[in-house]
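This is what each chain is made of:
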Amino acid sequence: MNFGRGPSVVLNVGGTRYSFSREVLKDFPLRRVSRLHGCLSEQDVLDVCDDYDRERNEYFFDRHSEAFGFIMLYVRHGHLRFVPHMCELSFYNEMIYWGLEGSHLDYCCQRRLDDRMSETCTYYAAEEPKGGPEGKGRRPPGAEGRKWLERMRRTFEEPTSSVAAQVLATVSILFVIVSMVVLCASTLPEWRAPENRSVEEQSRYTAESVREPSGIIEAICIGWFTAECIVRFIVSKNKCEFVRRPLNIIDLLAITPYYISVLMTVFTGENSQLQRAGVTLRVLRMMRIFWVIKLARHFIGLQTLGLTLKRCYREMVMLLVFICVAMAIFSALSQLLENGLDLGTKNKDYASIPAACWWVIISMTTVGYGDMCPITVPGRILGGICVVSGIVLLALPITFIYHSFVQCYHELKFRSARYSRSLSAEFLN
């Protein structure tokens, strides 16, 4: 059967016709359209579209023509935005039909969609291709491998995407907790090696510490984190993007010190510089505290904090500039009033402007350690102005940061809800 062998095909979406060459459909960005390339019978075509004209090789889709026009703009230019005067949920339904997701939208439209979904508590799931075992048998070459890699990637990247992903996330959390408990316990006096050991005893202790229970637990945790990081790197789509992600960089910073400390222990041995190496080893081992940040993969609260800091870096820089300007002004005035003038009493705590900067930052943040304070009347008046100014300056950018935090939280919460919905379907199946 020479079904669909024409050089070009025509898509008729709500009365609007689009003509493409047949080769373009093979790697078309829209999943539903690309499925037409693998259709071998009329039944396969009708599983994808609503009707088909064999003579003109025209495929009919009873969908919103204007929405598809905006989707075609995304195909051509890479930017997807909502249709003006069209409900966000209706347009999102069109996106799901053609095989797109909310992440393909521009950032401003993503926030609009999340706000609308939070108001209506509406969730969507991507439509799966129809067909039974026969349809599976006619998948393009390599489709099974790509599907397996995608499933592995979601298992390691999205803790709520499947039952296996939840089990893996739980195990990873347990390893993080165990490693943190061991790290905290290793700082107890009963666990630490005496500082007055000789070089030979210190070398022997360093070599034998790996065989202690804490060293074994640490090695097991590092082995798990290393294997997890390697697998996630292998199944990732874009290796360069994987290396640039902040959480992956933190994973690398948490894992690398262990291997560096092991290599330093092996190569130093009974060297005369062992004591200096021991200090370096303690610093490297303390960097395991970065493992706590690994929990951000599994908790929306930490993800929200990181996403908020990423999106509000301008407000954070503004806040830092406010503090630095106020610190420069108040530290110079406090040093002049407390120590620079030839008065009867001089406050030695304000002997220099850098020393006064510490008092300014503590006063502006209303911490007030009390380790240094003005003793002259002008200095106390300046201190009161400094405290009030700190409250006002710190409160100015907080409103922007708060709204961004709420939006990031809702965005991540609904993203997690979509994966949980697919998880529930998998569990029922």
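Cut-offs and rules
Residues numbered from 1 in each chain as written. Predicted model: local features only at pLDDT ≥ 70, side-chain atom pairs only at ≥ 80, totals over all residues. Heavy atoms only, no water. Helix = DSSP H or I, 4+ residues; strand = E, 2+ residues; numbered from the N terminus. Buried < 20%, exposed > 50% of the residue type's maximum accessible area, 1.4 Å probe, protein only. Contact = heavy atoms within 4.5 Å. Areas by Shrake-Rupley, 256 points an atom, 1.4 Å probe, with all protein chains shown as cover. Patch = residues over 30% accessible without salt bridge, like charges linked within 9 Å, V, L, I, M, F, W, Y side chains within 5 Å. Salt bridge = Lys/Arg side-chain N within 4 Å of Asp/Glu carboxyl O. Pairing = 2+ DSSP bridges. UniProt positions renumbered as here; feature names shortened; annotations may be inferred. Phe/Tyr/Trp six-rings, centres within 6.5 Å; stacked < 30°, edge-to-face > 60°. Core = buried A, V, L, I, M, F, W, Y, C linked by side-chain atoms within 4.5 Å. pLDDT = per-residue confidence, 0-100. Expected span 1.5 Å × (residues − 1). Arc of directions from axis to C-beta.

Before going further, it helps to examine the overall build of the protein. Helix and strand counts for the protein come out as 18 helices and four strands. Within the span of the protein, comprising 429 residues, buried residues form 36% of the whole. Of the contacts made within the protein by residues no fewer than 6 positions apart, 63% connect residues no fewer than 24 positions apart. Accessible area of the protein: about 25200 Å², with a carbon and sulfur share of 62%.

A contiguous nonpolar patch, built from F299, L302, L305, L309, M316, F405 and Y409 and spanning about 590 Å² of accessible area, is present on the exposed surface. Those elements that provide at least two residues to the nonpolar patch are α14 (300-311) and α18 (398-428).

Before going further, it helps to examine the pairing of strand β4 (residues 58-61). Direction of pairing for strand β1 (residues 8-13) relative to β4: parallel, over a ladder of four bridges. Bridging from a neighbouring strand, N12 pairs with F60 of β4. Hairpin connection from strand β3 (residues 51-53) to β4: four residues lie between these consecutive antiparallel strands, with N57 at a positive phi of about 55°.

For the rest of this paragraph, the subject is the UniProt feature "transmembrane region" (unreviewed entry) in the protein. Residues annotated by UniProt as "transmembrane region" (unreviewed entry) correspond here to residues 163-188, 215-235, 247-269, 289-309, 316-337, 349-369 and 381-405. For residues 163-188, the helix share is 88%, the strand share is 0%, and the end-to-end C-alpha distance is 39 Å. Within the segment residues 349-369, helix and strand shares are 57% and 0% respectively, and the terminal C-alpha atoms sit 14 Å apart.

The next thing to look at is the packing of aromatic side chains. Taken as a whole and assessed by the stated rule, the structure comprises 12 aromatic pairs. Pairing F175 with W224 gives two aromatic rings, centres 5.0 Å apart and planes at 10°, and the pair type is stacked. Of this pair, F175 sits in helix α8 (residues 163-185) while W224 sits in helix α10 (residues 213-235), and the two are 49 residues apart along the sequence. With 5.9 Å between their ring centres and 15° between their planes, W358 and Y369 make a pair best called stacked. Taken together, the positions of W358 in helix α16 (residues 353-364) and Y369 in the loop between α16 and α17 (377-395) put the pair 11 residues apart, joining distant regions of the chain. We classify W358 as partly exposed; its relative accessible area is 39%. With relative accessibility at 55%, the residue Y369 sits in the exposed group. By the ring-pair criterion, three or more aromatic residues cluster together here, those being Y18, F61, F68, Y97 and W98.

Along the chain, T308 turns up in helix α14. A relative accessible area of 4% means that T308 is categorised as buried. Setting aside its immediate chain neighbours within four residues, T308 contacts I401, S404, F405 and C408.

Quick look at the nonpolar core now. Counting 38 residues, the largest nonpolar core has L11, Y59, F61, F91 and W98 as the members making the most contacts within it. Secondary-structure elements contributing two or more residues to this core are β1, β2 (16-21), α2 (42-48), β4, α3 (65-77), α4 (88-98) and α5 (107-120). Here this core takes seven residues from α4, the largest share from any one element. Once you skip the residues sitting within four places of it in the chain, W98 turns out to touch V13, L30, R31, R32, V33, F61, R63, F68 and I71. In this structure, A326, M327, C357 and M372 belong to the second largest nonpolar core, which totals 14 residues.

A word on the confidence of the model for the protein. Residues of the protein with pLDDT of at least 70 account for 76%, and the chain-wide mean is 76. The spread of mean pLDDT over the elements of the protein runs between helix α6 (residues 133-137), the lowest at 43, and α16, the highest at 91. Confidence drops under a pLDDT of 50 for residues 121-137, and excluding neighbours within four residues, the segment shows 22 contacts in the predicted structure. This stretch, residues 194-211, has a pLDDT under 50; its non-local contacts, to residues over four places away or in other chains, come to 20 contacts.

Along its 19 residues, α17 runs 28 Å from first to last C-alpha, staying within 8% of the 27 Å computed at 1.5 Å per residue. Turning to α17, its buried residues are G379, L382, G383, C386 and G390. Down the axis of α17, the sector holding all buried residues measures 105°, keeping them to one side. Those residues of α17 that are exposed and aimed more than 90 degrees away from the buried face are V377, R380, I381 and V388. Residues of α17 that are buried sit in contact with α15 (313-340) and α16.

With that settled, consider unusual backbone geometry. Excluding glycine, residues mostly carry a negative phi; peptide bonds, for their part, are mostly trans. With a phi angle near 60°, H85 is a residue other than glycine that sits in the positive phi range. Within the element layout of this structure, H85 appears in the loop between α3 and α4. On the basis of relative accessibility, which here comes to 88%, the residue H85 falls in the exposed class. Although it is not a glycine, T366 sits at a positive phi angle of roughly 55°. Looking at where T366 falls in the secondary structure, it is placed in the loop between α16 and α17.

Let us now look at the pattern of salt bridges. Under the definition given, this model contains seven salt bridges. A salt bridge links R17 to E58; the shortest N-O distance between them is 3.2 Å. On the criterion of sequence distance, the pair formed by R17 in strand β2 and E58 in strand β4 is long-range, its members being 41 residues apart. Given the relative accessible area of 1%, E58 is considered buried. R56 is the partner of D53 in a salt bridge, and the nearest nitrogen-oxygen pair spans 3.1 Å. Through salt bridges with shared partners, a single ionic network connects R17, D53, R56 and E58.

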